[in-house]
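Architecture and fold: a report
Chain by chain, the residues:
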There are 2 protein chains.
Amino acid sequence: MVVNALSALAQSVRLQAFRALVVAGAAGLTPGAIVESLGVPANTLSFHLKELNFAGLVTQQRIGRNIVYRVDFNQMNALLSYLTENCCAGAACVVVSQRTDCVC
Amino acid sequence: MVVNALSALAQSVRLQAFRALVVAGAAGLTPGAIVESLGVPANTLSFHLKELNFAGLVTQQRIGRNIVYRVDFNQMNALLSYLTENCCAGAACVVVSQRTDCVC
DNA sequence: TCTATATTTCTAGTAATATAGAAACATGGA
DNA sequence: TCCATGTTTCTATATTACTAGAAATATAGA
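Now for a description of the structure that goes with this document. Positions within a chain are numbered from 1, following the residues in the order the chain's sequence is written. In the order they appear in the text, chains get letters beginning with A and ligands get numbers beginning with 1. Local features in this predicted model are restricted to residues whose pLDDT is 70 or higher, and side-chain atom pairs enter the listing and the counts only when it is 80 or higher, whereas totals over whole chains, interfaces and linings include all residues. Note: side-chain values were computed over all heavy atoms of the structure, leaving out hydrogens and water.

With respect to the protein's contact with DNA strand D
In the vicinity of DNA strand D lie 22 residues, with G32 and Y69 of chain A together with R14, N43 and H48 of chain B positioned nearest. Neighbouring residues are identified by heavy atoms, a residue being near a molecule or strand if any of them is within 4 Å of it. When atoms of DNA strand D within 4 Å of the protein are sorted by moiety, sugar and phosphate together comprise 63%. Pairing of N or O atoms within 3.5 Å defines a polar contact, subject to two protein rules: one partner must be a possible hydrogen donor and the other a possible acceptor, and residues neighboring in sequence count only if both atoms are side-chain atoms. Between DNA strand D and the protein, one listed contact pairs a base nitrogen with a side-chain N or O atom of N43 of chain B at 2.4 Å. Each helix is a run of DSSP H or I of at least 4 residues and each strand a run of E of at least 2, with the numbering of both proceeding from the N terminus. When residues of the surface near DNA strand D are traced back to their parent elements, those giving at least two are α3 (31-38), α4 (42-54) and β2 (66-71) of chain A together with α4 (42-54) of chain B. Three classes are used: nonpolar for Ala, Val, Leu, Ile, Met, Phe, Trp, Tyr, Cys and Pro, charged for Asp, Glu, Lys and Arg, and polar for all others, with Gly counted as polar. Considering only residue class, the surface near DNA strand D consists of six nonpolar, 11 polar and five charged.

Right under this line is the structure:
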C-alpha cells in the first residue's frame, strides 16, 4: 500500500538509510555499514530496516554473517508513478515513461 | 524538509486529498469539493489540508467564500527528485529531467 | 444589519510510533 | 565445541499524531 511506503520513508533515520541504499544501487549495504555512516545504535537501525522491508521498499539477503539490504526499485518506481498518476486530468501532460530496473 | 513532505503524504486522508489536487491541476479544489468526494468531516479535512500546506506541498487562495487549494508542483518535483538523487552512485543511470510547472 | 454558507481553530480523548538497553539468535572460524 | 561478530527481537518509556464535536471566523447576499 502506498501509505505504508510513504510512512516508511517519512522518518529521518529511515529516509537516510533508504537514500544510502538508493546510492548504493544493486550492490546494497549491510546494517553495519549503515550504522557506521548514520551513527545510530544497531538495534534502532534494525527496527527501521524492518519497517522499510515490511513496506516493500527494500529486500534482504543473508550473505555469511551479514545481511545485505537493497532498494526494490520496482516498488520505488510504482510509488513515484502513483503520486503523478492522472496528473492535471491527463491534459497538457506527457506521460512518465516506465522504468523497470532503476529509478534513474 | 523532505521528511515533513513525506510525513504529510503518509496518511490516508491527506494522500487522497493530495491525489485529487494533483488530478485537478492548476484549477485546484475547494475543501468543500474534497469533503464531498472523500466523505470526511470538514474540520478533519481542514486539519489535514493545513498539514499539507505546512509541508509546502499545497497552496491556498481565497476566492470569495471559498479557499482554493492547489498542488505546488515545484515542491512536488523537488521531493521526487530528492528520492532518486545520486541513484546507483550515478553509474549506468540517466539523469531525471527537470520539469518546472507540472510533474507529468 | 442579519442570515446562510464555507472554512478554520480549539479541545480532549485515543492510538500509533520512536528510541535504546538488554537479551537472544545466527554464522564463521579457531 | 567455544568464542567473536553481526544482526535481530523483546521490552518499556516517552513523544507525536488522528479524530471529530463544538465554537469561532470570514465572506456574500438579502
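A few points about the packing of α3 of chain A against α4 of chain A
Residue and element names in this part refer to chain A. Structural elements are reduced to axes, namely lines fitted to C-alpha atoms, with helices fitted over the stretch in contact, and the angle between N-to-C directions of any two is expressed from 0 to 180 degrees. Where α3 meets α4, the closest approach of the two axes is 10 Å, and the angle between their N-to-C directions is 115°. Handedness of the crossing formed by α3 with α4: right-handed. Across from P31, I34 and V35 in α3, the residues of α4 making contact are A42, L45 and L49. Residues that form the contact of α3 with α4 fall into these classes: six nonpolar, no polar and no charged. Crossing handedness is defined as follows: a turn of the near helix away from the far one that is anticlockwise and smaller than a right angle gives a left-handed crossing, while the clockwise case is right-handed. Contacts are residue-level and defined by heavy atoms, with any inter-residue pair within 4.5 Å sufficient.

Brief notes about α4 of chain A
Residue and element names in this part refer to chain A. The end-to-end C-alpha separation of α4 is 18 Å, in line with the 18 Å expected for 13 residues at 1.5 Å each. Burial here depends on accessible area, computed with a 1.4 Å probe over protein chains only, as a share of the maximum for the residue type. Under 20% is buried, over 50% is exposed, and the range in between is partly exposed. Taken together, the buried positions of α4 are L45, H48, L49 and L52. For α4, the angular spread of buried residues about the axis comes to 105°, placing them on one side. In this structure, α4 carries N43, K50 and F54 as exposed residues pointing more than 90 degrees from its buried face. Positive phi shows up at G56, right after α4, with a value of about 80°. The span one expects for a helix is its residue count, reduced by one, times 1.5 Å. Relevant arc is that of directions from the helix axis to the C-beta atoms, nothing else.

Concerning the relation of the copies chain B and chain A
When chain B is fitted onto chain A, the two copies agree to an RMSD of 0.0 Å after a turn of 180° and an axial shift of 0.0 Å. When the rotation and shift are considered jointly, the pair of chain copies conforms to a two-fold rotation axis. Superposing copies: least-squares fit, C-alpha atoms only, residues required to have pLDDT of at least 70 in both.

Some words on the state of the cysteines
Criterion for a disulfide: a pair of cysteine sulfur atoms within 2.5 Å. Applying the stated criterion across every chain yields a total of zero disulfides over all chains. C88 of chain A takes part in no disulfide bond, and the closest cysteine sulfur, belonging to C87 of chain A, lies 3.3 Å away.

A word on the interface of chain B and chain A
The interface of chain B with chain A comprises 30 residues on the first partner and 30 residues on the second. The contact between chain B and chain A buries some 2,600 Å² in all, and 74% of this surface belongs to carbon and sulfur atoms. Salt bridges, as used here, are contacts in which a Lys or Arg side-chain nitrogen is within 4 Å of a carboxyl oxygen on Asp or Glu. At the boundary of chain B and chain A, one finds two salt bridges. With a closest N to O distance of 3.8 Å, R19 of chain A and E85 of chain B form a salt bridge. Between the two partners, chain B and chain A, sit 10 residue pairs in polar contact (both at pLDDT 80 or more). The leading source of residues in the side of chain B that touches chain A is helix α5 (residues 73-84) of chain B, at six residues. Tallied by class, residues from the side of chain B that touches chain A come to 22 nonpolar, six polar and two charged. Computed with a 1.4 Å rolling probe, the buried area is the accessible surface lost when two parts are put together, summed over both parts.

Focus: the protein's contact with DNA strand C
The immediate surroundings of DNA strand C are formed by 22 residues, with R14, N43 and H48 of chain A together with G32 and Y69 of chain B found nearest. Take the atoms of DNA strand C that sit within 4 Å of the protein: sugar and phosphate atoms are 63% of them. One nitrogen or oxygen atom from the side chain of N43 of chain A is found 2.5 Å from a base nitrogen belonging to DNA strand C. Measuring from a phosphate oxygen of DNA strand C, one finds a side-chain N or O atom of H48 of chain A at 2.6 Å. For the surface near DNA strand C, the elements supplying multiple residues, two or more each, are α4 of chain A together with α3 (31-38), α4 and β2 (66-71) of chain B. Across the surface near DNA strand C, the residue classes break down as six nonpolar, 11 polar and five charged.

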